[in-house]
Amino acid sequence: MPLNIVLIEPEIPNNTGNIGRLALASGSTLHLVKPFGFEIDDTRLKRAGLDYWKHLSIIYYDNIDEFFNKNKNANMVFLSSHGTKNHWDIPFEDNQFLVFGKESVGLPKTIIEKHANKLFKIPLYSEHVRSLNLANAVAIVVYEGVKHL
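All of the points below concern the structure found in this document. Keep in mind the model is a prediction, meaning the values are calculated, not measured.

The contact between helix α1 (residues 13-26) and helix α5 (residues 134-148) brings their axes to 9 Å, and the two run at 15°. Comparing their axes, α5 and α1 come out roughly parallel. By crossing handedness, the relation of α1 to α5 is classed as right-handed. Residues Asn-15, Asn-18, Ile-19, Leu-22, Ala-25 and Ser-26 of α1 form the contact with α5, whose participating residues are Leu-134, Ala-135, Val-138, Ala-139, Val-142, Tyr-143 and Val-146. Taken together, the residues of the contact of α1 with α5 break down into ten nonpolar, three polar and no charged.

Here's what the structure looks like:
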């Protein structure tokens, strides 16, 4: 039943640490695509991931191209505030890749355009909120997937 959590160029170590803990708790694999907005040995990352980091199934990529080349046949869905379909409509499957963008700008425009038919969002019910915190968004989508699987 494992899912794959993909963070494209994460910027905030605390978010990445919390998502690492979530990945371990949900039995998911974490994929981290460089460049990062922090050093992987950042104390904030370690504090958020606590002593769980050493148990985590994690794969690092030097850039977006490497990630897509190594996973070209993977079943992927993409999460963005620009999505038109809600996250609960994702057709969850075992070993699926859930791809999230960086905190400041989300997914690159090229990815959004290329994968528009696989683009999902978490609905927001206030005009005063642009997006959710990345760690919160990942948790919502991952556990929706766990429920479906």
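Moving on, we come to the environment of Lys-54. Counting through the fold element by element, Lys-54 comes out in the loop between α2 (43-49) and β3 (58-61). A sequence separation of 66 residues divides Lys-54 from Phe-120, and the C-alpha atoms of the two residues are 31 Å apart.

Counting 26 residues, the largest nonpolar core has Leu-7, Leu-30, Leu-98 and Val-138 as its most contacted members. Sorting the residues of this core by element identifies β1 (4-8), α1, β2 (29-33), β4 (76-79), β6 (97-100) and α5 as the ones contributing at least two each. If sequence neighbours within four positions are ignored, Leu-30 has contacts with Ile-5, Leu-7, Ile-19, Gly-20, Ala-23, Trp-53, Leu-56, Ser-57, Ile-58 and Ile-59. Core analysis: the second largest hydrophobic core is formed by 14 residues, Val-6, Ile-8, Phe-67 and Ile-112 among them.

Take the layout of surface pockets next. Taken as a whole, the largest pocket spans an internal volume of roughly 530 Å³. Forming the walls of the largest pocket are 23 residues, and the residues nearest its centre are Ser-80, Ser-81, Gly-106, Ser-131 and Leu-132. Taken together, the elements giving at least two residues each to the lining of the largest pocket come down to β7 (119-121) and α5. Residues that form the lining of the largest pocket fall into these classes: eleven nonpolar, eight polar and four charged. Quantified by volume, the second largest pocket comes out at close to 270 Å³. Along its surface, the second largest pocket is lined by 13 residues, and Phe-68, Met-76, Phe-78, Lys-114 and His-115 are the ones closest to its centre. Breaking the lining of the second largest pocket down by element, the ones donating at least two residues are α3 (64-70), β4 and α4 (109-114).

What follows covers the sheet that holds β2. The parallel open sheet is built from seven strands, whose spatial order is β3-β2-β1-β6-β4-β7-β5. Where the open sheet ends on each side, the last strands, each with one partner, are β3 and β5 (85-86). Here two bridges tie β4 to β7, and the two strands are oriented parallel to one another. Considered in β7, the bridge of Phe-78 is made with Leu-119. Across the sheet, α5 lies against β1, β4 and β6, angled at about 160° from β6, the strand it touches most.

So, on to the environment of Gly-17. Counting through the fold element by element, Gly-17 comes out in helix α1. The exposure class assigned to Gly-17 is buried, which follows from its relative accessible area of 0%.

With respect to the helices, strands and loops of the structure, Lys-34 is situated in the loop between β2 and α2. Note: C-alpha distance between Lys-34 and Trp-53 (19 residues apart in sequence) is 18 Å. If we skip the residues at most four places from it in the chain, Lys-34 touches Glu-9, Tyr-61, Asp-62, Asn-63 and Ile-64.

What follows deals with the pairing of β2. Among the five residues that make up β2, five are buried, leaving the element largely enclosed by the rest of the structure. The alternating pattern of β2 places Thr-29, His-31 and Val-33 and Leu-30 and Leu-32 on opposite faces, both of which are buried. Bridge count between β1 and β2: five bridges; the pairing is parallel. Residue pairing across strands places Asn-4 opposite Thr-29, the latter belonging to β2. For the crossover that starts at β1, traverses α1 and ends in the parallel β2, the hand is right-handed. Looking at chain direction, β2 and β3 are connected through four bridges and run parallel. Each residue of the ladder has a partner; that of Leu-32, found in β3, is Tyr-60.

Analysis parameters
Residues numbered from 1 in each chain as written. Predicted model: local features only at pLDDT ≥ 70, side-chain atom pairs only at ≥ 80, totals over all residues. Heavy atoms only, no water. Axes fitted to C-alpha atoms, helices over the stretch in contact; angles between N-to-C directions. Helix = DSSP H or I, 4+ residues; strand = E, 2+ residues; numbered from the N terminus. Parallel < 35°, antiparallel > 145°, perpendicular 65-115°, else oblique. Left-handed = near helix turned anticlockwise from the far one by under 90°. Contact = heavy atoms within 4.5 Å. Nonpolar A, V, L, I, M, F, W, Y, C, P; charged D, E, K, R; others polar. Core = buried A, V, L, I, M, F, W, Y, C linked by side-chain atoms within 4.5 Å. Buried < 20%, exposed > 50% of the residue type's maximum accessible area, 1.4 Å probe, protein only. 1 Å grid on protein atoms, 1.4 Å probe; cavity = no way out; pocket = protein on both sides within 12 Å on 5 of 7 lines; lining within 4 Å. Points joined across faces, edges and corners; volume = space filled by probe spheres on them. Pairing = 2+ DSSP bridges. Right-handed = clockwise from strand over helix to strand, strands pointing away.

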